[in-house]
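# A structural walkthrough
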Amino acid sequence: MIAAYGIANLLQSMAATKTASTETLDPGLLLRLFGHRIYLAGLGCQILGFFLALAARRDLPLFLVQSAVTAGLCVTAVLGVIFLKWKLPRAEIILLVAVVLGIGALAASAEPSKGEQLGWKGIVALIVALAMIAGGSVFAARIKGVLGSVVLGSIAGLCFTCAAIAARPLAGSQSVAEFVFNPLLFLVIANSLTGQLLLGLAMQRGSTNAAVAGMDAAGAIPAAVLGLLVLGDRMRPGLELLAVVGFVVTMGAVIALTRYAEPQHELVVEPVPIPLRRTSATVPGLPPHPARGVAECSTATAKTHVTVALQRPLTRPQPQHADVSS
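Residues numbered from 1 in each chain as written. Predicted model: local features only at pLDDT ≥ 70, side-chain atom pairs only at ≥ 80, totals over all residues. Heavy atoms only, no water.

### Considerations on the overall build of the protein chain
Heads up, the rule is: Working definition: helices are DSSP H or I runs of at least four residues, strands are E runs of at least two. Numbering for both runs from the N terminus. Burial status follows relative accessibility: with a 1.4 Å probe on protein chains alone, a residue under 20% of its type maximum counts as buried, one over 50% as exposed, and anything between as partly exposed. We call two residues in contact when some of their heavy atoms are within 4.5 Å. Accessible surface area values rest on a Shrake-Rupley calculation with a 1.4 Å probe, where residue burial reflects the displayed protein chains alone.
Counting its regular elements, the protein chain contains twelve helices and seven strands. Counting only residues that meet the buried cut, the protein chain has 45% of its 326 residues in that class. For the protein chain, contacts bridging at least 24 residues in sequence account for 77% of all contacts bridging at least 6. Carbon and sulfur atoms provide 69% of the accessible area of the protein chain, an area that totals close to 16,900 Å².

Pasting the structure below:
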């Protein structure tokens, strides 16, 4: 699961930065991303990671599974250094090592158990949460730069939190029919698609690590708390302190990674048409002509006037010769 998510993050980042960027919550971005083979390959890795995570959530608490997802950031960073020549500061390398150590502590302290089922109140709460996330995303999509990567990535993480909470009891389905027709499955799909759109927008802001770190932090902390309070997740007796330390170290390192995140690639910007207004004009020494005029280009900082002397040749009268035959 960790390897699959790490490769998916890298491939989807490469595709997102080659797609025309947008400053609004444009669902068409997903359609444009689907046109990239690299993105589809990354999506395939993410789907594989999703099913592996679903299998893990059947028996393991969310504070372990969701924190383990953050370790995919380490895989993304290493692959980015090897294949894309990313430059990682020494502090970022130390933080990536801290993520690995924190995941190890969580794995040692997690108590395997089946997730408890959510009632209709839990399902309604997840629906309301998705609606609120979608509404807030409209405003968050206008934020630019690394801050935009962190904010949009964090909101995407909330979507994946809701998907994880719904997937924990869903993983305990006893039959295919119970799995397919369970309303939790549709909540998992809706939250995952929304999270994918927001993550694509976050990656377009210029920093993959900032987007993924924000997503991982927001995707793990609420899920871990709600898993313990609502879904019956448990820690091994006597290892509660180790679990807390591991979780704090993991999330602290992931959140700290956003501080050192800088734009790692050039963005693709959609061409913007330049508004032109044409007015007639005269040029001293030349007769009036309808093809002559001034093109005015108005911008926020200046107005440029370009005089076009001639756009097509003038039709000149042919000289008349006197008849000398007589």
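### Looking at the pattern of salt bridges
Where charged atoms of side chains with opposite charge meet at close range, the side chains can pair. To keep it simple, the criterion reads: Any carboxyl oxygen of Asp or Glu that lies within 4 Å of a side-chain nitrogen of Lys or Arg is treated as forming a salt bridge with it.
As enumerated under the stated definition, the model contains two salt bridges in all. The partner of Lys 114 in a salt bridge is Asp 59, with the nearest N and O atoms 2.7 Å apart. With Lys 114 in the loop between β2 (110-111) and α7 (120-140) and Asp 59 in the loop between α3 (37-57) and α4 (62-70), this pair connects stretches of sequence that are 55 residues apart. Here Lys 114 falls in the partly exposed class, since its relative accessible area comes to 49%. When its relative accessible area of 32% is taken as the criterion, Asp 59 is described as partly exposed.

### Details of the layout of surface pockets
For the record, the criterion: Every definition here rests on a 1 Å grid over the protein atoms only: cavities are sets of points where a 1.4 Å probe fits but cannot get out, pockets are open sets enclosed by protein on both sides within 12 Å along at least five of seven lines, and lining residues have some atom within 4 Å of a point. Grid points are joined across faces, edges and corners, and a volume is the space filled by probe spheres set on the points. Under the grouping applied here, Gly and all other residues not named as nonpolar or charged are polar, the nonpolar ones being Ala, Val, Leu, Ile, Met, Phe, Trp, Tyr, Cys and Pro and the charged ones Asp, Glu, Lys and Arg.
Here the largest pocket is characterised by a volume of approximately 640 Å³. As for the largest pocket, its lining consists of 29 residues, and the residues nearest its centre are Tyr 5, Gln 46, Phe 50, Phe 160 and Ser 192. Elements with a contribution of two residues or more to the lining of the largest pocket: α1 (2-16), α2 (28-34), α3, α4, α8 (145-170), α10 (183-204) and α11 (208-229). Its residues placed into classes, the lining of the largest pocket shows 20 nonpolar, seven polar and two charged.

### Some points on the confidence of the model for the protein chain
Rules: pLDDT is a residue-level measure of predictor confidence that goes from 0 to 100.
Considering every residue of the protein chain, the mean pLDDT works out to 77; 73% of them sit at 70 or more. Across the protein chain, the element-wise mean pLDDT spans from 39 in strand β7 (residues 303-308) up to 92 in β2. For the stretch residues 262-272, pLDDT sits under 50, and the model shows 31 contacts to residues farther than four places along the chain or on other chains. Residue range residues 298-315 is modelled with pLDDT below 50. Its contacts to residues more than four positions away, or to other chains, number 28 contacts.

### What to know about the side chain of Arg 168
Rules: Think of a polar contact as two N or O atoms within 3.5 Å of one another; within protein, one of them needs to be a possible hydrogen donor and the other a possible acceptor, and neighboring residues in sequence only count if both atoms come from side chains.
Topologically, Arg 168 is positioned in helix α8. When its relative accessible area of 1% is taken as the criterion, Arg 168 is described as buried. A polar atom in the side chain of Arg 168 sits 3.1 Å from the backbone oxygen of Ser 113. Non-local contacts of Arg 168, meaning those with residues more than four positions away in its chain, are made with Arg 57, Arg 58, Asp 59, Leu 60, Pro 61, Leu 62, Ser 113, Lys 114, Gly 115, Leu 231 and Asp 233.

### Digging into the nonpolar core
Note the cut-off: The term nonpolar core refers to a set of buried residues drawn from Ala, Val, Leu, Ile, Met, Phe, Trp, Tyr and Cys, joined through side-chain atoms within 4.5 Å.
Residues Phe 63, Leu 96, Leu 126, Leu 184 and Leu 198 are the most contacted members of the largest nonpolar core, which totals 58 residues. When residues of this core are assigned to their parent elements, the largest contribution, twelve residues, is made by α8. Non-local contacts of Leu 184, meaning those with residues more than four positions away in its chain, are made with Leu 118, Ile 123, Leu 126, Ala 166, Pro 169 and Leu 170.

### Focus: the packing of α7 against α8
Which entries qualify depends on this criterion: Every angle, taken between N-to-C directions, lies between 0 and 180 degrees, and every axis is a line fitted to C-alpha atoms, over only the stretch in contact when it is a helix. With respect to orientation, any angle under 35 degrees is reported as roughly parallel, any angle over 145 as roughly antiparallel, any angle of 65 to 115 as roughly perpendicular, and every other angle as oblique. The hand of a helix crossing depends on one turn: near helix anticlockwise from the far one by less than a right angle means left-handed, and clockwise means right-handed.
Contact geometry of α7 with α8 gives a least axis separation of 10 Å together with a crossing angle of 170°. Comparing the axis directions of α7 and α8 gives the class roughly antiparallel. As for the relative orientation of α7 and α8, their crossing is left-handed in sense. Between α7 and α8, the residues in contact are Leu 126, Ala 129, Ile 133, Ser 137 and Ala 140 and Val 151, Leu 152, Ile 155, Leu 158, Cys 159, Cys 162, Ile 165 and Ala 166, respectively.

### A closer look at the packing of α3 against α8
Relative orientation and spacing of two packed helices are given, respectively, by the angle between their axes and the distance between those axes. Running from amino to carboxyl end, α3 crosses α8 at an angle of 45°, the nearest separation of the two axes being 9 Å. When the axis of α3 is compared with that of α8, the two are oblique. For the pair α3 and α8, the sense of crossing is right-handed. Contacts between α3 and α8 pair Gln 46, Leu 54 and Arg 57 from the former with Phe 160, Ala 164, Ala 167 and Arg 168 from the latter. Along the lines of polarity and charge, the residues of the contact of α3 with α8 split into four nonpolar, one polar and two charged.

### A look at the environment of Glu 92
Within the secondary structure, Glu 92 is located in helix α6 (residues 90-109). A C-alpha to C-alpha distance of 6.1 Å links Glu 92 and Leu 257, two positions 165 residues apart in sequence.

### Describing helix α12 (residues 240-257)
The test is simple: Working rule for helices: expected span equals 1.5 Å times residues minus one. Comment: arc refers to directions from the helix axis out to C-beta atoms.
Taking 1.5 Å as the rise per residue, α12 with 18 residues should run 26 Å; its terminal C-alpha atoms sit 26 Å apart, in good agreement. When we look at burial in α12, the residues that qualify are Ala 243, Gly 246, Phe 247, Thr 250, Met 251, Ala 253, Val 254 and Leu 257. Each buried residue of α12 sits inside an arc of 160° when the element is viewed along its axis, so together they form one side. Facing away from the buried side of α12 by over 90 degrees, the exposed positions are Leu 241 and Val 248.

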